[in-house]
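Here is how the chains run, residue by residue.
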Amino acid sequence: MKLFPLALIVVILSAAVLLPERAMAEVVTITERASYTIDFPINLHKVDPAFSRNAQVLDSLRAALDAVRADSLVSLEGISVEGYASPDGRVSFNLALAQRRTDALAAWLVDECGVPSAQVRRRQSAIAWADFRTAVSESGLPQADRILRICSAGSDDSQADVSRRMSRLKTLDGGRVWRTLARDIFPGLRRSVSVLVTVRRELPEPVVEETISEPSVEPEKTDENIVELPPPCTGRT
């Protein structure tokens, strides 16, 4: 079963290569993307290296930032952090939780990785209803169609509509559907950190090899070069 981020934190890391004095036409922008996953316990926002696989992932993120600093041709332009929370709960609480997770990761980047706070941009957080619907549609659950109809009714931003969705989901099939979502869908949707690295690289100038033509040397005329032809045939014997 494929799980999608319900508490999603998106980190966009931008860098530009510092080039020698060349014409800008010789520079091309290459965009590289890598994904990192940070796990959060339910209803919590602290970036905890001891939780789940966070230690390994945070080390990888730190190493990526160190690599940018170590490259004399690359300068860090900024990091953008965006957080999401799961839809199972009150809208106001989930939005606040997503923002706290965003703020926690931004603080970790500043305090633990030494990124200047001015270079960390915090985007508005949201509730990942779209990712939840995608996860359900790809889950193979017998009640997937009914779940999607319920979760598509009304507005994702309306507390009243969300409350009605939650009430219907919790009672669907005697509560078995909700227990399945809580066990198989929600845990995997409270995480994910995506990193976008942008660098500028110099296009190498084509190298044109100079061809040196050697003068042609005519062969010397010797007896070996002379071929005697037979006398012309006159028809007489």
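What comes next is a walk through the structure. (Residues numbered from 1 in each chain as written. Predicted model: local features only at pLDDT ≥ 70, side-chain atom pairs only at ≥ 80, totals over all residues. Heavy atoms only, no water.)

### Quick word on the overall build of the protein
Step number 1: Looking only at helices and strands, one finds six helices and six strands in the protein.
Step number 2: When the helices and strands of the protein are read in sequence order from the N terminus, they spell out β-β-α-β-α-β-β-α-α-α-α-β. (Helix = DSSP H or I, 4+ residues; strand = E, 2+ residues; numbered from the N terminus.)

### Focus: the nonpolar core
Step number 1: In terms of nonpolar packing, the biggest core is built from 21 residues, with W129, F132, I147, L169, L181 and I185 touching the most fellow members.
Step number 2: Apart from residues no more than four positions distant in its own chain, L169 is found in contact with I147, I150, C151, W178 and L181.
Step number 3: The next biggest cluster of nonpolar side chains, apart from the first, holds 18 residues, and it includes I38, L58, A106 and W108. (Core = buried A, V, L, I, M, F, W, Y, C linked by side-chain atoms within 4.5 Å. Buried < 20%, exposed > 50% of the residue type's maximum accessible area, 1.4 Å probe, protein only. Contact = heavy atoms within 4.5 Å.)

### Details of helix 2 (residues 91-113)
Step number 1: Its 23 residues place the ends of helix 2 32 Å apart at the C-alpha level, agreeing with the 33 Å of an ideal helix rising 1.5 Å per residue.
Step number 2: Residues V91, N94, L97, A98, R101, T102, A104, L105, A106, W108, L109 and C113 constitute the buried set of helix 2. (Expected span 1.5 Å × (residues − 1).)

### Digging into the packing of aromatic side chains
Step number 1: One pass over the structure, following the stated rule, counts three aromatic pairs.
Step number 2: With a centroid separation of 5.8 Å and an interplanar angle of 85°, the aromatic rings of W129 and F132 are classed as edge-to-face. You can see W129 and its partner F132 sitting in helix 3 (residues 129-137), three residues apart, about one turn around the helix.
Step number 3: A ring pair is formed by F132 and F186, whose centres lie 5.6 Å apart and whose planes are at 25°; its orientation type is stacked. Of this pair, F132 sits in helix 3 while F186 sits in the loop between helix 6 (176-185) and strand 6 (191-202), and the two are 54 residues apart along the sequence. This pair shows no difference in class: F132 is buried, exactly as F186 is. (Phe/Tyr/Trp six-rings, centres within 6.5 Å; stacked < 30°, edge-to-face > 60°.)

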